[in-house]
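The primary structure of each chain is shown beneath.
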Amino acid sequence: MRVRGAVALVTGASSGIGWATALRLAELGARLILTGRDTERLAMLATMTGGTPLATDLSEPGAVTRLARAALDAAGRVDLLVNNAGEGHAGRFTAMSSEQVARLVAVNLSAPIELTRVLLPGMVSRGTGHVAFVTSIAGRTGVAGEAVYSAAKAGVDAFAESLRFELAGSGVRVGVLVPGVVRTAFFDRRGAAYQRQRPRPLPAARVADALVRSIVTERDESFTPSWLRLPVAIRAVAPATYRRLAGRFGGS
Ligand SMILES: NC(=O)c1ccc[n+]([C@@H]2O[C@H](COP(=O)([O-])OP(=O)(O)OC[C@H]3O[C@@H](n4cnc5c(N)ncnc54)[C@H](OP(=O)(O)O)[C@@H]3O)[C@@H](O)[C@H]2O)c1
């Protein structure tokens with residue numbers, strides 16, 4: 001899509017991949033609506049990009065719908081929705097409370113669906129627009145200790161794929177970016193540092209570049225790093241082999 005002059009709503013803009021994506025979109029001439037919870041960081045980013053900050057906690061009932069309406073009130077339309085905000089959780093499923101499960105599903109799955117529900121009709125009526133989703137390799141392969149997070153991300157993938165079929169010929173594109181491990185606050189926040197040597201975490205700016213490139217070139221799906229396609233492909237064609245390898249090399 002043409003980013004220059006487009007109104008872009010970026011969720012999770014106050015940190016990590018979302019922050020770097022907002023900076024890149026601003027460089028390319030987008031008009032930004034920036035959301036997250038950290039009002040100070042959003043204000044700083046708004047100053048740097050000329051964007052409009054709209055602080056929202058996506059886990060609060062009704063907040064996502066209000067955010068979408070506030071974005072439309074502020075800018076008149078949204079041409080590009082970047083569903084990036086997300087929260088992780090590390091720990092055995094059997095130790096999770098129902099509140100923790102509900103929160104992960106609300107932020108990672110329900111919020112992007114609801115934002116899309118409110119903002120997509122305008123794009124369809126204008127015959128142009130783009131909805132981008134940041135999912136995770138965890139949602140493609142499954143990861144021990146991240147069952148609900150992985151399920152929520154897999155749900156986003158299925159939602160995006162279905163929506164893409166539904167929107168064929170409408171002029172509105174749907175893109176998914178599947179990152180591997182990225183150097184952001186994500187791991188500290190979920191309460192468990194990333195401890196493996198490999199794969200090495202990528203800088204957030206590199207992932208943001210891949211995301212923005214995928215939006216500009218209207219790609220349906222991108223993996224960052226691109227070799228992540230390989231385990232996903234092996235799992236698809238030879239699931240038993242994949243599980244054996246994942247168990248042996250610590251992927252699960
Ligand atoms: N880092 C990785 O290795 C990795 C790998 C695969 C996929 N991802 C995905 O990449 C996306 C971005 O994550 P990141 O790595 O950039 O992590 P991050 O630095 O922790 O940023 C997460 C962003 O999401 C926002 N957010 C989280 N919970 C929220 C809530 N309840 N309401 C509103 N905003 C909320 C945060 O806002 P505040 O800071 O204002 O609270 C922050 O802006 C996420 O969807 C994540 O699942 C990350």
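Rules behind the numbers
Residues numbered from 1 in each chain as written. Predicted model: local features only at pLDDT ≥ 70, side-chain atom pairs only at ≥ 80, totals over all residues. Heavy atoms only, no water. UniProt positions renumbered as here; feature names shortened; annotations may be inferred. Phe/Tyr/Trp six-rings, centres within 6.5 Å; stacked < 30°, edge-to-face > 60°. Helix = DSSP H or I, 4+ residues; strand = E, 2+ residues; numbered from the N terminus. Buried < 20%, exposed > 50% of the residue type's maximum accessible area, 1.4 Å probe, protein only. Lys NZ or Arg CZ within 6 Å of the ring centre and 35° of its normal. Expected span 1.5 Å × (residues − 1). Contact = heavy atoms within 4.5 Å.

- Labelled according to an unreviewed UniProt entry, the protein appears under the name Oxidoreductase, originating from Actinocatenispora sera.
- In its Sequence similarities (unreviewed entry) section, UniProt records this for the protein: "Belongs to the short-chain dehydrogenases/reductases (SDR) family."

Notes on the packing of aromatic side chains
Argument step 1. A full pass over the atoms with the stated rule returns 4 aromatic pairs.
Argument step 2. Here Phe133 and Phe159 contribute two aromatic rings whose centre-to-centre distance is 5.8 Å and whose plane-to-plane angle is 85°, an arrangement assigned as edge-to-face. Here Phe133, found in strand E5 (residues 129–134), pairs with Phe159, found in helix H6 (residues 147–166); they are 26 residues apart in sequence, far enough to count as distant. Each member of the pair Phe133 and Phe159 is classed as buried.
Argument step 3. Joined through ring pairs, the aromatic side chains of Tyr149, Phe186, Phe187 and Tyr194 make up one cluster.
Argument step 4. Arg41 extends its terminal NZ or CZ atom over the ring of Trp19, reaching a point 4.2 Å from the ring centre.

Observations regarding helix H1 (residues 16–27)
Quick reminder: α-helices carry 3.6 residues per turn. Residues three or four places apart thus point the same way.
Argument step 1. Taking 1.5 Å per residue, 12 residues should reach 16 Å; H1 reaches 17 Å between its end C-alpha atoms and fits that length.
Argument step 2. Those residues of H1 that sit buried are Ile17, Gly18, Trp19, Ala20, Thr21, Ala22 and Leu25.
Argument step 3. Those residues of H1 hidden inside the fold are in contact with strand E1 (7–10), strand E2 (31–34), helix H2 (39–49), strand E4 (80–83), strand E7 (182–183) and helix H8 (204–216).

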